[in-house]
Amino acid sequence: MKVLVCGGAGYIGSNMTAMLVSQGHEPVVFDNLSKGHRSAVKDVPFVSGDLADFGLLIDTLHKYEIEGVMHFAAFIEVGESVAEPLRYYHNNFNNAHNLLCAMDDAGVRKFVFSSTAAVYGIPETVPITEELTKAPISPYGDSKLNVEKMCSFQSETGRLNYAALRYFNACGAGGGGTIGEDHSPESHLIPLIIQAAMGKREDIKIFGTDYPTPDGTCVRDYIHIEDLCKAHLLALSKLDTERELVYNLGNGTGYSVREVIETVKKVSGKDFKVTETGRRPGDPPVLTADASKARKELGWKTDFPELEAIVESAWKWHTLHPDGYND
Ligand code: UDP
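Residues numbered from 1 in each chain as written. Predicted model: local features only at pLDDT ≥ 70, side-chain atom pairs only at ≥ 80, totals over all residues. Heavy atoms only, no water.

*Asks:* What is the right way to read the overall build of the protein chain from this model?
*Replies:* Across its full length, the protein chain holds ten helices and 14 strands. Every one of the 327 residues in the protein chain was classed for burial, and the buried ones make up 56%. Put simply, of all contacts in the protein chain between residues at least 6 apart along the chain, 78% involve residues at least 24 apart. Within the structure as shown, the protein chain displays about 13,400 Å² of accessible surface, and the carbon and sulfur contribution to it stands at 51%. Of note, the protein chain has its 32 positive side-chain charges centred 1 Å away from the centre of its 45 negative side-chain charges. (Helix = DSSP H or I, 4+ residues; strand = E, 2+ residues; numbered from the N terminus. Buried < 20%, exposed > 50% of the residue type's maximum accessible area, 1.4 Å probe, protein only. Contact = heavy atoms within 4.5 Å. Areas by Shrake-Rupley, 256 points an atom, 1.4 Å probe, with all protein chains shown as cover. Lys, Arg positive; Asp, Glu negative; His and termini not counted. Charge placed at Lys NZ, Arg CZ, Asp CG, Glu CD.)

Here it is, written out as C-alpha coordinates:
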(Lines give C-alpha, C1' and ligand atoms only; values in the text may rest on other atoms or scores of the structure.)
Protein backbone atom coordinates (compact mmCIF):
# COMPACT_ATOMS: atom_id res chain seq x y z
CA MET A 1 0.00 0.00 0.00
CA LYS A 2 1.12 3.58 -0.67
CA VAL A 3 1.31 5.06 2.80
CA LEU A 4 2.03 8.65 3.81
CA VAL A 5 4.06 8.59 7.04
CA CYS A 6 3.67 11.98 8.72
CA GLY A 7 6.55 12.48 11.10
CA GLY A 8 8.43 9.68 9.35
CA ALA A 9 11.83 11.12 10.29
CA GLY A 10 11.11 10.85 14.00
CA TYR A 11 11.81 7.94 16.30
CA ILE A 12 8.63 5.93 15.82
CA GLY A 13 8.01 7.17 12.27
CA SER A 14 11.46 6.14 11.01
CA ASN A 15 11.10 2.67 12.52
CA MET A 16 7.64 2.41 10.97
CA THR A 17 8.91 3.51 7.56
CA ALA A 18 11.63 0.85 7.59
CA MET A 19 9.10 -1.81 8.55
CA LEU A 20 6.67 -0.72 5.83
CA VAL A 21 9.44 -1.09 3.25
CA SER A 22 10.44 -4.49 4.60
CA GLN A 23 6.83 -5.66 4.29
CA GLY A 24 6.49 -4.56 0.65
CA HIS A 25 4.60 -1.31 1.20
CA GLU A 26 5.52 2.00 -0.44
CA PRO A 27 5.90 4.66 2.25
CA VAL A 28 6.34 8.36 1.54
CA VAL A 29 7.71 10.38 4.44
CA PHE A 30 6.28 13.83 5.22
CA ASP A 31 8.24 15.68 7.90
CA ASN A 32 9.22 19.25 8.73
CA LEU A 33 12.43 18.03 10.43
CA SER A 34 11.69 20.17 13.48
CA LYS A 35 12.39 17.12 15.64
CA GLY A 36 13.21 14.31 13.25
CA HIS A 37 16.40 13.36 11.45
CA ARG A 38 16.76 13.27 7.67
CA SER A 39 19.40 10.54 7.96
CA ALA A 40 16.94 8.29 9.83
CA VAL A 41 14.99 7.89 6.56
CA LYS A 42 16.61 5.89 3.81
CA ASP A 43 15.61 5.15 0.21
CA VAL A 44 12.01 6.36 0.28
CA PRO A 45 10.44 9.56 -1.11
CA PHE A 46 10.79 12.41 1.38
CA VAL A 47 8.56 15.49 1.40
CA SER A 48 9.92 18.31 3.51
CA GLY A 49 6.86 20.11 4.77
CA ASP A 50 4.61 21.11 7.60
CA LEU A 51 1.20 19.68 8.41
CA ALA A 52 -0.13 23.23 8.54
CA ASP A 53 0.49 23.46 4.76
CA PHE A 54 -2.85 22.27 3.37
CA GLY A 55 -1.83 22.79 -0.26
CA LEU A 56 1.31 20.71 0.10
CA LEU A 57 -0.63 17.95 1.84
CA ILE A 58 -3.18 17.83 -0.99
CA ASP A 59 -0.43 17.82 -3.64
CA THR A 60 1.44 15.06 -1.82
CA LEU A 61 -1.62 12.86 -1.37
CA HIS A 62 -2.40 13.15 -5.10
CA LYS A 63 1.16 12.98 -6.43
CA TYR A 64 1.99 9.74 -4.65
CA GLU A 65 -1.54 8.28 -4.97
CA ILE A 66 -1.62 7.77 -1.22
CA GLU A 67 -4.05 5.13 0.04
CA GLY A 68 -3.42 5.35 3.77
CA VAL A 69 -1.89 7.78 6.26
CA MET A 70 0.04 7.09 9.46
CA HIS A 71 0.37 10.13 11.68
CA PHE A 72 3.35 10.39 14.07
CA ALA A 73 4.05 14.12 13.74
CA ALA A 74 3.21 15.46 17.17
CA PHE A 75 4.79 16.94 20.26
CA ILE A 76 5.26 14.22 22.85
CA GLU A 77 6.42 15.61 26.17
CA VAL A 78 3.96 15.57 29.03
CA GLY A 79 5.89 18.06 31.17
CA GLU A 80 6.42 20.50 28.30
CA SER A 81 2.72 20.32 27.42
CA VAL A 82 1.82 21.45 30.94
CA ALA A 83 4.11 24.47 30.51
CA GLU A 84 2.98 25.23 26.94
CA PRO A 85 -0.58 24.01 26.40
CA LEU A 86 -1.39 26.24 23.43
CA ARG A 87 1.62 25.03 21.45
CA TYR A 88 0.52 21.46 22.11
CA TYR A 89 -3.09 21.97 21.07
CA HIS A 90 -1.92 23.77 17.95
CA ASN A 91 0.53 21.14 16.78
CA ASN A 92 -1.26 18.04 18.01
CA PHE A 93 -4.86 19.01 17.36
CA ASN A 94 -4.99 21.77 14.73
CA ASN A 95 -2.43 20.10 12.49
CA ALA A 96 -4.15 16.72 12.79
CA HIS A 97 -7.39 18.48 11.82
CA ASN A 98 -5.65 19.96 8.78
CA LEU A 99 -4.34 16.54 7.80
CA LEU A 100 -7.78 14.96 8.11
CA CYS A 101 -9.28 17.79 6.04
CA ALA A 102 -6.68 17.17 3.32
CA MET A 103 -7.39 13.43 3.41
CA ASP A 104 -11.12 14.09 3.14
CA ASP A 105 -10.55 16.44 0.22
CA ALA A 106 -8.32 13.91 -1.56
CA GLY A 107 -10.60 10.96 -0.79
CA VAL A 108 -8.02 9.10 1.35
CA ARG A 109 -9.89 7.21 4.04
CA LYS A 110 -7.42 5.02 5.96
CA PHE A 111 -5.79 6.67 8.97
CA VAL A 112 -3.60 5.21 11.70
CA PHE A 113 -3.21 7.63 14.58
CA SER A 114 -0.55 7.67 17.31
CA SER A 115 -2.49 8.05 20.49
CA THR A 116 -1.27 7.56 24.02
CA ALA A 117 -1.89 6.07 27.45
CA ALA A 118 -2.01 9.69 28.63
CA VAL A 119 -5.64 9.84 27.43
CA TYR A 120 -6.62 7.92 30.60
CA GLY A 121 -5.17 10.40 33.07
CA ILE A 122 -4.88 8.73 36.46
CA PRO A 123 -6.59 5.40 35.76
CA GLU A 124 -9.21 3.99 38.14
CA THR A 125 -7.61 0.55 37.84
CA VAL A 126 -4.57 -1.04 36.22
CA PRO A 127 -3.87 -2.69 33.88
CA ILE A 128 -5.84 -0.27 31.75
CA THR A 129 -8.48 -1.48 29.32
CA GLU A 130 -9.69 0.66 26.43
CA GLU A 131 -13.08 1.21 28.07
CA LEU A 132 -11.75 2.93 31.19
CA THR A 133 -12.64 6.58 31.75
CA LYS A 134 -10.62 8.96 29.64
CA ALA A 135 -9.69 11.93 31.83
CA PRO A 136 -6.29 13.28 30.72
CA ILE A 137 -4.31 15.29 33.27
CA SER A 138 -1.98 16.92 30.73
CA PRO A 139 -2.55 19.03 27.61
CA TYR A 140 -0.58 16.35 25.75
CA GLY A 141 -3.05 13.61 26.67
CA ASP A 142 -6.04 15.87 26.08
CA SER A 143 -4.81 16.99 22.65
CA LYS A 144 -4.54 13.33 21.62
CA LEU A 145 -7.95 12.42 23.04
CA ASN A 146 -9.52 15.28 21.10
CA VAL A 147 -8.04 13.96 17.86
CA GLU A 148 -9.48 10.53 18.67
CA LYS A 149 -12.92 12.08 19.16
CA MET A 150 -12.63 14.02 15.90
CA CYS A 151 -11.73 10.79 14.09
CA SER A 152 -14.61 8.95 15.69
CA PHE A 153 -17.20 11.53 14.58
CA GLN A 154 -15.65 11.78 11.13
CA SER A 155 -15.72 7.99 10.76
CA GLU A 156 -19.48 8.09 11.35
CA THR A 157 -19.86 10.01 8.08
CA GLY A 158 -18.51 6.94 6.26
CA ARG A 159 -15.54 8.89 4.85
CA LEU A 160 -12.85 7.78 7.34
CA ASN A 161 -11.67 4.40 8.61
CA TYR A 162 -9.25 4.95 11.47
CA ALA A 163 -7.22 3.17 14.12
CA ALA A 164 -6.23 4.99 17.32
CA LEU A 165 -3.29 3.20 18.90
CA ARG A 166 -2.72 4.17 22.51
CA TYR A 167 0.97 3.72 23.15
CA PHE A 168 2.38 3.05 26.54
CA ASN A 169 6.14 3.77 26.71
CA ALA A 170 7.74 3.21 23.30
CA CYS A 171 11.45 2.44 23.59
CA GLY A 172 14.36 0.40 22.29
CA ALA A 173 15.89 0.45 18.82
CA GLY A 174 14.62 -1.26 15.68
CA GLY A 175 16.39 -2.83 12.70
CA GLY A 176 18.65 -4.89 14.96
CA GLY A 177 19.68 -1.83 16.94
CA THR A 178 20.17 0.46 13.90
CA ILE A 179 17.13 2.78 14.14
CA GLY A 180 17.15 4.52 17.48
CA GLU A 181 15.77 7.23 19.70
CA ASP A 182 17.38 10.66 19.46
CA HIS A 183 15.38 13.60 20.80
CA SER A 184 16.82 17.04 21.33
CA PRO A 185 16.67 17.85 24.13
CA GLU A 186 16.20 14.28 25.36
CA SER A 187 13.40 13.85 27.86
CA HIS A 188 12.70 10.13 27.84
CA LEU A 189 13.79 7.91 30.63
CA ILE A 190 15.71 5.11 28.90
CA PRO A 191 17.86 7.29 26.59
CA LEU A 192 18.56 9.63 29.51
CA ILE A 193 19.73 6.78 31.72
CA ILE A 194 21.85 5.44 28.87
CA GLN A 195 23.44 8.87 28.46
CA ALA A 196 24.29 8.81 32.16
CA ALA A 197 25.80 5.33 31.74
CA MET A 198 27.88 6.60 28.82
CA GLY A 199 29.17 9.48 30.91
CA LYS A 200 27.38 11.99 28.68
CA ARG A 201 25.39 13.43 31.56
CA GLU A 202 26.30 13.91 35.16
CA ASP A 203 23.43 11.88 36.62
CA ILE A 204 19.94 10.52 36.09
CA LYS A 205 17.24 12.31 38.04
CA ILE A 206 14.32 10.38 39.45
CA PHE A 207 11.19 12.55 39.19
CA GLY A 208 9.35 11.73 42.39
CA THR A 209 9.98 9.10 45.04
CA ASP A 210 6.74 9.53 46.99
CA TYR A 211 4.28 7.94 44.58
CA PRO A 212 1.90 5.24 45.87
CA THR A 213 3.96 2.48 44.20
CA PRO A 214 6.10 -0.30 45.73
CA ASP A 215 9.35 1.71 45.60
CA GLY A 216 7.83 5.20 45.46
CA THR A 217 8.76 5.87 41.81
CA CYS A 218 6.46 5.90 38.78
CA VAL A 219 5.62 2.62 37.10
CA ARG A 220 5.37 2.42 33.31
CA ASP A 221 4.82 -0.25 30.67
CA TYR A 222 7.77 -0.24 28.26
CA ILE A 223 7.05 -1.53 24.76
CA HIS A 224 9.67 -2.20 22.09
CA ILE A 225 9.46 0.02 19.04
CA GLU A 226 9.25 -2.93 16.62
CA ASP A 227 6.42 -4.53 18.54
CA LEU A 228 4.64 -1.20 18.42
CA CYS A 229 5.18 -0.82 14.68
CA LYS A 230 3.95 -4.36 14.01
CA ALA A 231 0.60 -3.43 15.53
CA HIS A 232 0.33 -0.49 13.10
CA LEU A 233 0.72 -2.80 10.12
CA LEU A 234 -1.92 -5.15 11.48
CA ALA A 235 -4.29 -2.26 12.15
CA LEU A 236 -3.72 -0.76 8.71
CA SER A 237 -4.62 -4.04 7.03
CA LYS A 238 -7.93 -4.11 8.92
CA LEU A 239 -8.94 -0.65 7.78
CA ASP A 240 -10.17 -2.05 4.45
CA THR A 241 -13.28 -3.11 6.28
CA GLU A 242 -13.21 -1.63 9.80
CA ARG A 243 -14.40 1.92 10.47
CA GLU A 244 -13.08 2.39 13.99
CA LEU A 245 -10.32 0.55 15.85
CA VAL A 246 -8.96 1.56 19.26
CA TYR A 247 -6.20 -0.41 20.96
CA ASN A 248 -3.83 -0.15 23.88
CA LEU A 249 -0.28 -1.13 22.95
CA GLY A 250 1.86 -2.27 25.85
CA ASN A 251 3.40 -5.43 27.30
CA GLY A 252 1.23 -5.36 30.39
CA THR A 253 4.22 -5.42 32.74
CA GLY A 254 5.07 -2.42 34.87
CA TYR A 255 8.61 -1.33 35.73
CA SER A 256 9.41 1.43 38.19
CA VAL A 257 11.90 4.18 37.40
CA ARG A 258 14.32 2.55 39.85
CA GLU A 259 13.93 -0.82 38.11
CA VAL A 260 14.64 0.75 34.73
CA ILE A 261 17.80 2.34 36.15
CA GLU A 262 18.93 -1.02 37.54
CA THR A 263 18.28 -2.70 34.18
CA VAL A 264 20.43 -0.14 32.35
CA LYS A 265 23.19 -0.66 34.93
CA LYS A 266 23.04 -4.41 34.35
CA VAL A 267 22.96 -4.22 30.53
CA SER A 268 25.69 -1.59 30.27
CA GLY A 269 27.88 -2.82 33.10
CA LYS A 270 28.27 0.84 34.13
CA ASP A 271 27.56 2.62 37.37
CA PHE A 272 26.47 6.26 37.50
CA LYS A 273 24.97 8.84 39.79
CA VAL A 274 21.24 8.73 40.58
CA THR A 275 19.63 11.87 42.04
CA GLU A 276 16.20 11.90 43.63
CA THR A 277 14.16 15.02 42.81
CA GLY A 278 10.54 16.15 42.97
CA ARG A 279 7.65 14.98 40.84
CA ARG A 280 7.28 16.06 37.21
CA PRO A 281 3.88 17.74 36.57
CA GLY A 282 1.39 15.64 34.64
CA ASP A 283 2.79 12.21 35.58
CA PRO A 284 0.30 9.55 36.78
CA PRO A 285 1.79 7.05 39.29
CA VAL A 286 1.12 3.83 37.34
CA LEU A 287 0.35 3.20 33.67
CA THR A 288 0.22 -0.41 32.50
CA ALA A 289 -1.71 -1.78 29.56
CA ASP A 290 -4.26 -4.48 29.18
CA ALA A 291 -3.54 -5.10 25.50
CA SER A 292 -5.61 -8.26 25.20
CA LYS A 293 -7.96 -6.55 22.73
CA ALA A 294 -5.10 -5.90 20.27
CA ARG A 295 -3.80 -9.43 20.76
CA LYS A 296 -7.21 -10.96 20.16
CA GLU A 297 -8.53 -8.77 17.35
CA LEU A 298 -5.29 -8.00 15.49
CA GLY A 299 -3.44 -11.22 16.28
CA TRP A 300 -0.69 -8.98 17.71
CA LYS A 301 2.23 -10.72 19.41
CA THR A 302 5.18 -9.01 21.04
CA ASP A 303 8.75 -10.23 20.52
CA PHE A 304 10.22 -8.17 23.38
CA PRO A 305 8.20 -8.86 26.53
CA GLU A 306 11.20 -8.29 28.83
CA LEU A 307 12.68 -4.89 29.63
CA GLU A 308 16.24 -6.21 29.54
CA ALA A 309 16.09 -7.13 25.84
CA ILE A 310 14.50 -3.77 25.05
CA VAL A 311 17.28 -1.93 26.89
CA GLU A 312 19.91 -4.07 25.15
CA SER A 313 18.64 -2.89 21.75
CA ALA A 314 18.66 0.74 22.92
CA TRP A 315 22.15 0.36 24.41
CA LYS A 316 23.39 -1.06 21.11
CA TRP A 317 22.06 1.93 19.15
CA HIS A 318 23.47 4.48 21.57
CA THR A 319 26.90 2.90 21.65
CA LEU A 320 26.91 2.76 17.82
CA HIS A 321 25.71 6.41 17.65
CA PRO A 322 27.26 8.14 20.67
CA ASP A 323 26.34 11.57 19.24
CA GLY A 324 22.94 10.54 17.89
CA TYR A 325 22.05 11.02 14.24
CA ASN A 326 24.21 14.14 13.85
CA ASP A 327 21.59 16.00 11.79
N1 UDP B 1 11.48 10.11 34.44
C2 UDP B 1 12.41 10.32 35.43
N3 UDP B 1 13.55 11.02 35.12
C4 UDP B 1 13.79 11.49 33.87
C5 UDP B 1 12.84 11.25 32.86
C6 UDP B 1 11.69 10.56 33.16
O7 UDP B 1 12.23 9.91 36.58
O8 UDP B 1 14.84 12.11 33.68
C9 UDP B 1 10.26 9.35 34.75
C10 UDP B 1 8.97 10.09 34.42
O11 UDP B 1 8.59 10.91 35.49
C12 UDP B 1 8.02 8.93 34.14
C13 UDP B 1 8.92 7.84 33.57
O14 UDP B 1 10.25 8.20 33.93
O15 UDP B 1 7.48 8.46 35.34
C16 UDP B 1 8.84 7.74 32.06
O17 UDP B 1 8.99 9.03 31.54
P18 UDP B 1 9.18 9.30 29.99
O19 UDP B 1 9.34 10.77 29.81
O20 UDP B 1 10.24 8.42 29.44
O21 UDP B 1 7.81 8.80 29.33
P22 UDP B 1 6.27 9.20 29.63
O23 UDP B 1 5.81 8.24 30.70
O24 UDP B 1 6.21 10.63 30.03
O25 UDP B 1 5.61 8.93 28.33
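*Asks:* How should the sheet that holds strand β14 (residues 286-287) be read in this particular structure?
*Replies:* Sheet architecture is open: three strands sit in the order β12-β9-β14, paired in mixed fashion. The outermost strands of the open sheet, each flanked by one partner alone, are β12 (255-256) and β14. For strand β9 (residues 219-220) and β12, the ladder comprises two bridges, and the chain directions are antiparallel. By the bridge assignment, Arg220 is partnered in β12 with Tyr255. (Pairing = 2+ DSSP bridges.)

*Asks:* Hey, could you run me through the pattern of salt bridges in this one?
*Replies:* Any two side chains of opposite charge can pair, given that their charged atoms come close. Across all of its chains, the model carries 18 salt bridges by this definition. Asp203 serves as the salt-bridge partner of Lys205, at 3.0 Å between the closest nitrogen and oxygen. On the accessibility criterion, Asp203 (7% relative accessible area) is buried. Where salt bridges share partners, they join Glu80, Glu84 and Arg87 into one cluster. (Salt bridge = Lys/Arg side-chain N within 4 Å of Asp/Glu carboxyl O.)

*Asks:* Teacher, can you tell me more about the nonpolar core here?
*Replies:* Generally speaking, a soluble globular protein has its nonpolar side chains buried in company with each other. Counting residues in each nonpolar core, the largest one holds 56 residues, and the members touching the most others are Ile12, Ile190 and Leu249. Listed in part, the 27 residues of the second largest apolar core include Phe30, Leu51, Ala102 and Cys151. (Core = buried A, V, L, I, M, F, W, Y, C linked by side-chain atoms within 4.5 Å.)

*Asks:* Got a minute to help me understand the packing of aromatic side chains in this structure?
*Replies:* For any pair of aromatic rings, the description consists of the separation of the ring centres together with the inter-plane angle of the planes. Per the counting criterion, the structure on display carries three aromatic pairs. Each ring, one from Phe75 and one from Tyr88, has its centre 5.3 Å from the other, and the planes form 50°; the classification is tilted. Within this pair, whereas Phe75 is found in the loop between β4 (68-71) and α3 (78-83), its partner Tyr88 is found in helix α4 (residues 85-106), the two being separated by 13 residues in sequence. In this structure, Phe75 and Tyr88 share a single accessibility class: buried. The ring centre of Phe272 lies 5.2 Å from the NZ or CZ of Lys265, which sits over that ring. Positioned above the aromatic ring of Tyr211 is the side chain of Arg279, whose terminal nitrogen or guanidinium carbon lies 4.0 Å from the ring centre. (Phe/Tyr/Trp six-rings, centres within 6.5 Å; stacked < 30°, edge-to-face > 60°. Lys NZ or Arg CZ within 6 Å of the ring centre and 35° of its normal.)

*Asks:* Help me understand the pairing of strand β1 (residues 2-6), please; the structure alone is not making it clear to me.
*Replies:* The two faces of a sheet get side chains in turn, since along a regular strand they alternate between them. Of all five residues making up β1, four are buried, and the element is well covered by its neighbours. Across five bridges, β1 lies against strand β2 (residues 26-31) in parallel orientation. Across the sheet, the residue bridging to Val5 is Val29, located in β2. As paired strands, β1 and β4 are joined by four bridges and run parallel to one another. Within β4, the position partnered with Cys6 by the bridge is His71.

*Asks:* Explain the pairing of strand β6 (residues 161-167) to me, please; I cannot follow it from the model alone.
*Replies:* Taking burial as the measure, the seven residues of β6 include seven buried ones, the bulk of the element. Judged by which residues are buried, β6 turns out to be covered on both faces: Asn161, Ala163, Leu165 and Tyr167 on one side and Tyr162, Ala164 and Arg166 on the other are all buried. Inspection of the sheet shows strand β5 (residues 110-116) paired to β6 by seven bridges, in the parallel sense. Considered in β6, the bridge of Lys110 is made with Asn161. Running through helix α5 (residues 139-156), the crossover from β5 to the neighbouring parallel element β6 is right-handed. Where β6 lies against strand β11 (residues 244-249), six bridges are found, and the strand directions are parallel. Bridge pairing links Ala163 to Leu245 in β11. (Right-handed = clockwise from strand over helix to strand, strands pointing away.)

*Asks:* How should I be thinking about the environment of Ala9 in this particular structure?
*Replies:* Looking at the secondary structure, you find Ala9 in the loop between β1 and α1 (11-22). With 272 residues separating them in the primary sequence, Ala9 and Pro281 have C-alpha atoms 28 Å apart. Ignoring any residue separated from it by four or fewer positions in sequence, one finds Ala9 in contact with Ser14, Val29, Asp31, Leu33, Gly36, His37, Ala40, Val41 and Phe46.

*Asks:* Sorry if this is basic, but what is going on with unusual backbone geometry here?
*Replies:* Trans is the common state for peptide bonds, and a negative phi is the common state for residues other than glycine. Omega for the peptide link from Val126 to Pro127 comes to -5°, which places this bond in the cis form. Within the element layout of this structure, Pro127 appears in the loop between β5 and α5. Cis geometry is found at the peptide bond from Ser184 to Pro185, where omega equals 0°. Following the sequence through the fold, Pro185 ends up in the loop between β7 (169-171) and α6 (189-197). The phi dihedral of Leu33 is positive, around 60°, even though this residue is not glycine. Inspection of the secondary structure puts Leu33 in the loop between β2 and β3 (46-48).

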